[in-house]
Amino acid sequence: MNKKKGTAKTTQKKISRRAAKMGKAPGSVIYMGDREGEKSTVSVLEYNERQLEEHELDVYNPEHFNKIVAFKDTPSISWIDVIGLSDELFIEKLGNSFNLNPLSIEDAVNTHQRPKIDEYENYIFSVFNMLYFDENNELVAEHVAIVLMENTVLVLQELKGDVFNGIRNRINNKTGRIRVKGADYLFFALLDAIIDNYFVILENVNTKIEILEEEVYQHPRPEIAQQIQELKKEVLKIRRWIYPVKELVSRLIDSEHPLISKDTKLFLRDAMDHSTEINETLQVYREMSMSLMEMYISNISNKMNEVMKVLTIMASIFIPLTFIAGVYGMNFDYIPELHLQYGYFYVWGLMILIFVGLLIFFKRKRWL
Amino acid sequence: MNKKKGTAKTTQKKISRRAAKMGKAPGSVIYMGDREGEKSTVSVLEYNERQLEEHELDVYNPEHFNKIVAFKDTPSISWIDVIGLSDELFIEKLGNSFNLNPLSIEDAVNTHQRPKIDEYENYIFSVFNMLYFDENNELVAEHVAIVLMENTVLVLQELKGDVFNGIRNRINNKTGRIRVKGADYLFFALLDAIIDNYFVILENVNTKIEILEEEVYQHPRPEIAQQIQELKKEVLKIRRWIYPVKELVSRLIDSEHPLISKDTKLFLRDAMDHSTEINETLQVYREMSMSLMEMYISNISNKMNEVMKVLTIMASIFIPLTFIAGVYGMNFDYIPELHLQYGYFYVWGLMILIFVGLLIFFKRKRWL
Amino acid sequence: MNKKKGTAKTTQKKISRRAAKMGKAPGSVIYMGDREGEKSTVSVLEYNERQLEEHELDVYNPEHFNKIVAFKDTPSISWIDVIGLSDELFIEKLGNSFNLNPLSIEDAVNTHQRPKIDEYENYIFSVFNMLYFDENNELVAEHVAIVLMENTVLVLQELKGDVFNGIRNRINNKTGRIRVKGADYLFFALLDAIIDNYFVILENVNTKIEILEEEVYQHPRPEIAQQIQELKKEVLKIRRWIYPVKELVSRLIDSEHPLISKDTKLFLRDAMDHSTEINETLQVYREMSMSLMEMYISNISNKMNEVMKVLTIMASIFIPLTFIAGVYGMNFDYIPELHLQYGYFYVWGLMILIFVGLLIFFKRKRWL
Amino acid sequence: MNKKKGTAKTTQKKISRRAAKMGKAPGSVIYMGDREGEKSTVSVLEYNERQLEEHELDVYNPEHFNKIVAFKDTPSISWIDVIGLSDELFIEKLGNSFNLNPLSIEDAVNTHQRPKIDEYENYIFSVFNMLYFDENNELVAEHVAIVLMENTVLVLQELKGDVFNGIRNRINNKTGRIRVKGADYLFFALLDAIIDNYFVILENVNTKIEILEEEVYQHPRPEIAQQIQELKKEVLKIRRWIYPVKELVSRLIDSEHPLISKDTKLFLRDAMDHSTEINETLQVYREMSMSLMEMYISNISNKMNEVMKVLTIMASIFIPLTFIAGVYGMNFDYIPELHLQYGYFYVWGLMILIFVGLLIFFKRKRWL
Amino acid sequence: MNKKKGTAKTTQKKISRRAAKMGKAPGSVIYMGDREGEKSTVSVLEYNERQLEEHELDVYNPEHFNKIVAFKDTPSISWIDVIGLSDELFIEKLGNSFNLNPLSIEDAVNTHQRPKIDEYENYIFSVFNMLYFDENNELVAEHVAIVLMENTVLVLQELKGDVFNGIRNRINNKTGRIRVKGADYLFFALLDAIIDNYFVILENVNTKIEILEEEVYQHPRPEIAQQIQELKKEVLKIRRWIYPVKELVSRLIDSEHPLISKDTKLFLRDAMDHSTEINETLQVYREMSMSLMEMYISNISNKMNEVMKVLTIMASIFIPLTFIAGVYGMNFDYIPELHLQYGYFYVWGLMILIFVGLLIFFKRKRWL
């Protein structure tokens, strides 16, 4: 109950935020997420083949702020990681310092933004969703914006997740390709990490389907139907968040933007293959969840059939017998059978005969 | 009842209007809406980076009329807003003064026109639907035509809505991009306001789906099924009105019409993204409303199952007991059990045994 | 019954006609319609900006025949209207005189021909279906072939319908664009009239859907299901006849045939828009008719639910009561309750208690 | 039963033949049909505008064989008709003599080959299915390969069918276009005859649908459901055999192979139109067969409803009456009503009252 | 039960492997299959038109390893067959020696890789699934990677299957085309063998459908529904594995990679035709399995109908009769019929009349 209310409230909030935005000019930087009032933090990882430096920066210190902006002009690769998007003023200032188009800055904090990859002359702007299941096992989409500039990748996200930890480790370890490659490879690596994470989500969905399938066969109950519906909605939601990725990556591969090297496109092709696989899997899950519902309905019918058979057998057997008993309970002056010596036993015989006959009849019909 | 009749009458009127148009030449200016006999009013907003003027004009005053037409040749941006489309003569005269193709003028007053964007040599003509829910919570589509000319945007609508108020404010405030941009940006801003408004409609539909879902789980009744059907029809209707927008905008982006600057195309791309999101959401709503119906049917079956179980349990238990009572109600001369001292109590024992046995049987079958 | 037979016979005839055609060379002029043995009549409307002449011609008078053919070489626009297609010899002769390809002549009399627009070097050949409801309210498709040549439009149809009357009036009235435009505009006007007429058919279908919807909610009966099926088949049929038109017109717009002026393409674009709208509407009707069936089935289930509830309530209440009466109808020598002074009334009390208890139980279950 | 077994056996055979082919090189000439061990026969029709010769040839006579091959170099049109494909050696030798690619020869005897048109430098190879209903009214697909070479058309089929008789007659009659046209026109004529034949199949399916529809409305029985399923499978099968033809012909029209003259392409366009119509019709049949099943299920529910109503009415009326009779069958010492003079008649009155009341109740519910 | 657990465990393992890979750089060579710890073996078949040599090589002997690598530079065709992919180190070393891109090496051991064909400058890398049914009749997909280089084909698979035996035989036999063709033809032959094998899988599915169909008609039981669901999932799985092949081959045909000769493209076109046929067949199977479920549900309804009829007939006949018996079991002082001499027989007469009347009624309704 409480949860439902919570959802309703969140929806309400979303609408009012959306409404607040209506009438505003496009490019207005309005944070749409749920984590209002949180401060932003910035960490920078600067590296090249030989060197590696990590910086934690205080965004409200003007000197630090200038330092952040300065990173974009260093020849080493800079991975600038902004956590916390609710401080609209800071984000706008930062975006302007990086010469981002106002539309890009708007999308960076619009946590409802559909996945997108926009190519601008001097940078590539992208938005993706990182999916995970929260503590209530409900699916949550975390908005992340990644901007690829020359020698610099700017990441804006709401929470510091652990999806990118693997990349951080690879950079630290110095082994591996990533240290000798350009910013576009880092961009790809981030995208690849997000896509890899989708497979975990799919596995989770798959497990749910398997459990529900088991339940549908064993104990079809209305709650199961409700859970199937929830599953269907979950798959629809995941699809909306993930589906566009494939085409976006495909278009990026076909584009001739100078920031993407031919070598990195080879890797992007690999990422696109994974997206294709994810989309196909989602399609399969969609069909399987529809099958589940069908199966559920057919099992409900089966249960009813079973109930009806019990009723029919009981009624068909005992109603005629009761009739016979009723006949010999009549009070006519003259009913010859009543005075036979063994009349009562004859009647029992008749009733047993009918009983057995009907049992055989139902047996033949395979109802027993 | 009354409402139904009303609808029927409206439909009737629509047909007769459509019929009135048949046989007429294409390009005949025939108003198709419901607000016949209303006068048109015109207001003009003229602005450039430094100046801003507002004019209310009397369309039936020839001098004023000439003034309206003159606006299109001023170097500042003119937003000419025509409210009320039923005065076909005025609209036709106005359209001719602006050198619009007769087909465009026809579409401007054809309130049944599907969304369109037509490019002509010296102007771009477009028709969209503004959607809102009226006082009866019924979905209404308001026809709006927007014509982009050099330095001029001509808007023709039936009612002065508040969807464009935000834009008016932005122009008045002087802050913001809009004052320094051309007429094509104004055109985009209007389109963007219309699309933004669609999100409100979608939220409304979403709320309806959530409410119906709750009802389907709690109290599936025939009226709920009817409401689901209404919802499905509503989604179909919204889709027809909104669906074409995405492709229209996409084609506008790809076109090379000189009235659309490269800069504005960046913004149009953003609008197209929103249209795509709206179309995807509508698709999701469509699937969800179909799921609702499925869920409703499965719940009906469940209810019937429950009814059948009660009947089966009651009948299966009491019919055999009644039979036993019937047996000892028979009037045979010789029924030995009747004369046993505790016969009556033995029979009660037997009946209680059968009763308990059947209860256990049904318990095992999980019917209780 | 009779009607059904009629349909069967017609189908039979169609097959045999189709069969008659098999083995024949393509281009064989074989009339496929139902109006065999009727004579053809020809009327010609010749006009230019200043003049207008109407001619009724006797096709079996060689002189007249030559006159018909001569019209195609006059510089004024000639609209040659041939009514009645069953006289294959005449049609073939006429077609040859106009230098039509044998395949075109074949299609002109093949009343089963799917809509088509074929471009030849010196003419454009097209076939459409005019739809209307006959006196039995059954949907009928009337085949019409329109040939656009230089300054001449040749129309071949089975019956003189009134769809083209509006155009005739516009030509007579001298007002309007049509008198100053070329034969391609006349061609467009005819096509536009046909498409406009489709809207009337759609309105008719819409009315049927509304009526059936009402019935499904009020009195779901097997006949309603049958009518829904008929509706579905009707929509499928209409779709087959209308659906190809959009693409045909679209291809005509894209073609560079010299007979179609750039100006007329603007009008054709309008006609294409209408076709698109029609196709979308048909799609909506298709989904709505499928929803109707779903609704019907869910209502049938509801009705059964109601029936079952009545049965369950009656049986569940009276079967236990009858059991109690049966117990005290037993003839045991010793049944102590029978000899209580108010035993009979105690039993009545017990039975009323059970009765009321069960009523409350069913009330709580919301079955009453 | 026997038939089923037969099918199973055939399937078995097909698999083993398929298996036999596995591991073999592509281009291996392996006959896949059911008519093993039959001899091949060859008849040749050689004609030009003035002359016509028919030859029956013994393929196992080397002289004759050389004669067959020689026909391909004569300037007149040669229609070489090979009946019987099970003699793999002969077919391979023939194919090699005609310089066919091994892949073509393989496809010529692979009776499971999907329709195809392959263009080679010096010939066009095509495979189609001729459909007919055999003596058991089961749909059979007859494989036919047609090879278009310069001045020569080579036809390979399993059985001498009568689909091509019309063409033979047209060639014999000397009237008609065919005698003055090239080998490509003959190729088209054969294709056209095959496509024309599809219409007969469709009519047959249509008749089946009409009959089943009647049955579904009148007497829905399990066998009807089974027949609907058979129909669905039949439509699916036909679709697989016919569906690709349209695209193949379309590609042939777009190709620039020198063997196809521009003039013949006009005729091929006509054939493509017919294929389109067939595909659309099949789509309609598919939807109609799905509707039939839906209708069947809804009628089953209706029947059950009717059964339930009878039960409910009978039980609801007589169970309360039996209860009353039971009450006055009790043996209490003191039941005052029993001693009323007209007690028995009062009770009858009460029972008639209840009876009539319930009848009215059911009448009101429209269950009677 | 055990099996289910097994599946769950396998799924678990897959996830953990997938998880192990997350965070790793793309191009990390991580074996994803179930056969960990197995050693790799390599056999090489080297041949040209005249010569043929077979080699079994020990991959852990450095000399042998160098020999393997040397094969790729010999002018004869080398078919290098690697069995066992779990030794990641060896595979990586081998791949590097052959100058394969790290992404290719990764995909070679990623047994979950979706079918792909990637073109690199100096080689073509492809992954396919070989499908077969294991001893439990469960569908298993065996991963196989085929790399086409100049004069060399490198095959990496988990198990030595017998799908390629036919090709080995053809090479050994020296007859046939394969010995005189290049490495690209060998590549095609391997692909063709894999596709041919798909037909066997399809036949197996077809047999399952036929068996289930029979069962659905004869004995619809819940287990049948479950088996239909399993079938549907199987078809979905097969489709995922096979579906992409067609497009991959099609793209290969269109590509201009120098390793694929024009002659081989002719053969690839044949392989593409087969893929198309397989995809169409899968589509048909999908529709048939959905029909099966529909049929199952309709048969369940029929069974219920039959049950209901028995109940209705029994209850409708005996309940009224029991009522009559009840009436004459009442103990009123004055019931005139009781004292008629033949009252008892009259009542029997009445009851028999009612019995026969109801029988006729049900007969008329065709319920008997």
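Scoring rules and cut-offs
- Residues numbered from 1 in each chain as written.
- Chains lettered and ligands numbered in written order.
- Predicted model: local features only at pLDDT ≥ 70, side-chain atom pairs only at ≥ 80, totals over all residues.
- Heavy atoms only, no water.
- Helix = DSSP H or I, 4+ residues; strand = E, 2+ residues; numbered from the N terminus.
- Buried < 20%, exposed > 50% of the residue type's maximum accessible area, 1.4 Å probe, protein only.
- Contact = heavy atoms within 4.5 Å.
- Polar contact = N/O pair within 3.5 Å; in protein donor to acceptor, adjacent residues only side chain to side chain.
- Least-squares fit on C-alpha atoms with pLDDT ≥ 70 in both.
- Pairing = 2+ DSSP bridges.
- Axes fitted to C-alpha atoms, helices over the stretch in contact; angles between N-to-C directions.
- Buried area = accessible area lost by both parts, 1.4 Å probe.
- Salt bridge = Lys/Arg side-chain N within 4 Å of Asp/Glu carboxyl O.
- Nonpolar A, V, L, I, M, F, W, Y, C, P; charged D, E, K, R; others polar.
- UniProt positions renumbered as here; feature names shortened; annotations may be inferred.
- Core = buried A, V, L, I, M, F, W, Y, C linked by side-chain atoms within 4.5 Å.
- Phe/Tyr/Trp six-rings, centres within 6.5 Å; stacked < 30°, edge-to-face > 60°.
- Patch = residues over 30% accessible without salt bridge, like charges linked within 9 Å, V, L, I, M, F, W, Y side chains within 5 Å.
- Areas by Shrake-Rupley, 256 points an atom, 1.4 Å probe, with all protein chains shown as cover.
- Expected span 1.5 Å × (residues − 1).
- Parallel < 35°, antiparallel > 145°, perpendicular 65-115°, else oblique.
- Left-handed = near helix turned anticlockwise from the far one by under 90°.
- Bend = angle between axes of the 7 residues up to and from the residue.

Across its full length, chain A holds 9 helices and 7 strands. Overall, the C-alpha framework of chain A stretches about 120 × 40 × 30 Å when taken along its three principal axes. In chain A, which comprises 368 residues, the share counted as buried stands at 59%. Considering only intrachain contacts with a sequence separation of at least 6, the fraction spanning at least 24 residues in chain A is 67%.

Our focus in this paragraph is the side chain of His 257 of chain B. All names here are of chain B. Note on placement: His 257 falls in the loop between helix 7 (222-254) and helix 8 (262-327). Residue classification places His 257 among the buried residues on the basis of a relative accessible area of 8%. A polar contact is formed between the side chain of His 257 and the backbone oxygen of Tyr 120, at a distance of 2.6 Å. Beyond its immediate stretch of four places on either side in the chain, His 257 contacts Glu 119, Tyr 120, Glu 121, Tyr 123 and Ile 124.

Laying chain B over chain A is done by rotating through 72° and shifting 0.0 Å along the axis; what remains is an RMSD of 0.1 Å. On this basis, the relationship between the two copies can be described by a five-fold rotation axis. Taking C-alpha positions as reference, the residue of chain B nearest the rotation axis is Gly 329 of chain B, located at 4.7 Å.

Moving on, we get to the sheet that holds strand 1 (residues 41-47) of chain C. All names here are of chain C. With mixed pairing, the 7 strands of this open sheet are ordered in space as 2-1-3-7-6-5-4. Whereas interior strands pair on both sides, the edge strands pair on one side only; in this sheet they are strand 2 (52-57) and strand 4 (116-119). Pairwise comparison of adjacent strand axes, ignoring direction, gives a mean angle of 15° for this sheet. As judged from the 6 bridges shared by strand 6 (residues 139-149) and strand 7 (residues 152-157), these two strands associate in the antiparallel manner. In the sheet register, Val 147 faces strand 7, and the bridge partner there is Leu 154. Along the sheet, helix 3 (residues 88-97) contacts strand 1, strand 3 (77-83) and strand 7; its crossing angle with strand 3, the most-contacted strand, is approximately 160°.

We now examine the interface of chain A and chain E. Listed by partner, the interface residues are 65 residues for chain A and 68 residues for chain E. The contact between chain A and chain E buries some 5,800 Å² in all, and 62% of this surface belongs to carbon and sulfur atoms. Among the residues of chain A in contact with chain E, Phe 323, Asn 331 and Phe 332 of chain A are the three that bury the most area, contributing 12% of the side total. Taken together, the links from chain A to chain E amount to 8 salt bridges. A salt bridge links Arg 269 of chain A to Asp 118 of chain E; the shortest N-O distance between them is 3.9 Å. Looking at which element gives the most residues to the side of chain A that touches chain E, the answer is helix 8 (residues 262-327) of chain A, with 33 residues. Class assignment for the residues of the side of chain A that touches chain E results in 30 nonpolar, 15 polar and 20 charged.

This part covers the pairing of strand 6 (residues 139-149) of chain D. Residues and elements named next belong to chain D. For strand 6, the tally of buried residues reaches 9 of 11 residues, placing the bulk of the element in the interior. Across 10 bridges, the pairing between strand 5 (residues 124-133) and strand 6 is antiparallel. Among the inter-strand pairings, Ser 126 is bridged to a residue of strand 6, identified as Ile 146. What sits between the antiparallel neighbours strand 5 and strand 6 is a turn of 5 residues, in which Asn 137 has the positive phi angle 60°. Linking strand 6 to strand 7 (residues 152-157), which pair antiparallel, is a turn of 2 residues; within it Asn 151 sits at a positive phi near 60°.

Okay, the UniProt feature "transmembrane region" (unreviewed entry) in chain A next. Residues and elements named next belong to chain A. The feature "transmembrane region" (unreviewed entry), as annotated in UniProt, sits at residues 310-330 and 342-362 in this numbering. As annotated, residues 310-330 comprises 86% helix and 0% strand, and the C-alpha atoms at either end are separated by 30 Å. For residues 342-362, helix accounts for 95% and strand for 0%, while the C-alpha atoms at its two ends are 30 Å apart.

Residues and elements named next belong to chain D. Judged by pairing direction, the sheet is mixed, and its 7 strands sit side by side in the order 2-1-3-7-6-5-4 without closing on themselves. With one partner strand each, in any of the chains shown, strand 2 (52-57) and strand 4 (116-119) form the two edges of the open sheet. Along the sheet, successive strands turn relative to each other by an average axial angle of 15°, direction set aside. Of the pairings in the sheet, the one linking strand 3 (residues 77-83) to strand 7 comprises 6 bridges and is parallel in character. Directly across from Asp 81, in strand 7, lies its bridge partner Val 155. On top of the sheet, helix 2 (residues 62-71) reaches strand 1 (41-47), strand 2, strand 3 and strand 7; it is set at about 145° to strand 2, its chief contact. Contacts from helix 3 (residues 88-97) reach strand 1, strand 3 and strand 7 within the one sheet, and its direction differs from that of strand 3 by about 160°.

Moving on to the interface of chain B and chain A. Counting residues at the interface gives 65 residues for chain B, matched by 67 residues for chain A. Summing the contributions of chain B and of chain A, the shared interface buries around 5,800 Å²; its carbon and sulfur component is 62%. When residues of chain B are sorted by the area they lose upon contact with chain A, Phe 323, Asn 331 and Phe 332 of chain B head the list and together hold 11% of the total. Between the two partners, chain B and chain A, sit 8 salt bridges. Counting residues per element, the ones that place at least two in the side of chain B that touches chain A are helix 5 (165-173), helix 6 (183-218), helix 8 and helix 9 (343-364) of chain B. Element by element, the count of residues in the side of chain B that touches chain A is highest for helix 8 of chain B, at 33 residues.

Okay, the nonpolar core next. Ranked by size, the top nonpolar core spans 506 residues in total, and within it Phe 164 of chain A, Phe 164 of chain B, Phe 164 of chain C, Phe 164 of chain D together with Phe 164 of chain E carry the most contacts. Grouped together as the second largest cluster of nonpolar side chains are 135 residues, Phe 318, Tyr 328 and Val 347 of chain B together with Leu 311 of chain E included.

To continue, consider the arrangement of the chains. For the non-touching pair chain A and chain C, the nearest C-alpha separation works out to 9 Å. Taking C-alpha atoms only, the smallest gap left between chain C and chain E, which are not in contact, amounts to 9 Å.

As a further point, take the packing of aromatic side chains. Scanning the entire structure with this criterion turns up 90 aromatic pairs over all chains. On the basis of an interplanar angle of 50° and a centroid distance of 5.8 Å, the ring pair of Phe 318 of chain A and Phe 323 of chain B is categorised as tilted. Residue Phe 318 of chain A is located in helix 8, and its partner Phe 323 of chain B is located in helix 8; the two belong to separate chains. With respect to class, Phe 318 of chain A is no different from Phe 323 of chain B; both count as buried. Taken together, the aromatic side chains of Phe 318, Tyr 328, Tyr 342, Tyr 344, Phe 345, Trp 348 and Phe 355 of chain A together with Phe 323, Phe 332 and Tyr 334 of chain B make up a single cluster linked through ring pairs.

Side chains of Ile 352, Phe 355, Val 356, Leu 359, Ile 360 and Leu 368 of chain A sit close together on the surface and give an oily, nonpolar patch of about 490 Å² of accessible area. Turning to its location among the elements, Ile 360 of chain A is positioned in helix 9 (residues 343-364).

Residue and element names in this part refer to chain A. If you trace the backbone, Leu 57 turns up in strand 2 (residues 52-57). Residue classification places Leu 57 among the buried positions, given a relative accessible area of 8%. Residues Leu 57 and Val 44, spaced 13 residues apart in sequence, show a C-alpha to C-alpha distance of 7.8 Å. Discounting residues that sit within four places of it in the chain, Leu 57 has contacts with Val 42, Val 44, His 64, Lys 67, Ile 68 and Phe 71.

Its 66 residues give helix 8 (residues 262-327) of chain E an end-to-end C-alpha distance of 97 Å, which sits within 8% of 98 Å, the value for a rise of 1.5 Å per residue. Helix 8 of chain E sits mainly inside the fold: 53 of its 66 residues count as buried.

All right, on to the packing of helix 6 (residues 183-218) of chain D against helix 8 (residues 262-327) of chain D then. All names here are of chain D. At their nearest, the axes of helix 6 and helix 8 sit 10 Å apart, and the two run at 15° to each other. Our classification of the angle between helix 6 and helix 8 gives roughly parallel. Every pair of crossing elements has a handedness; the one defined by helix 6 and helix 8 is left-handed. Tallied by class, the residues present in the contact of helix 6 with helix 8 amount to 22 nonpolar, 7 polar and 6 charged.

The end-to-end C-alpha separation of helix 7 (residues 222-254) of chain D is 49 Å, in line with the 48 Å expected for 33 residues at 1.5 Å each. For helix 7 of chain D, the principal kink sits at Arg 240 of chain D and spans about 35°; a proline, Pro 244 of chain D, occurs within the next four residues.

Another aspect to go through is the pattern of salt bridges. Under the definition given, this model contains 85 salt bridges over all chains. Arg 114 of chain D is the partner of Glu 280 of chain E in a salt bridge, and the nearest nitrogen-oxygen pair spans 2.6 Å. Highlighted residues: Glu 280 of chain E in helix 8 and Arg 114 of chain D in the loop between helix 4 (102-109) and strand 4, drawn from two different chains. Of the residues examined, Arg 114 of chain D reaches a relative accessible area of 15% and is grouped as buried. Glu 215 of chain D is the partner of Arg 221 of chain D in a salt bridge, and the nearest nitrogen-oxygen pair spans 3.2 Å.

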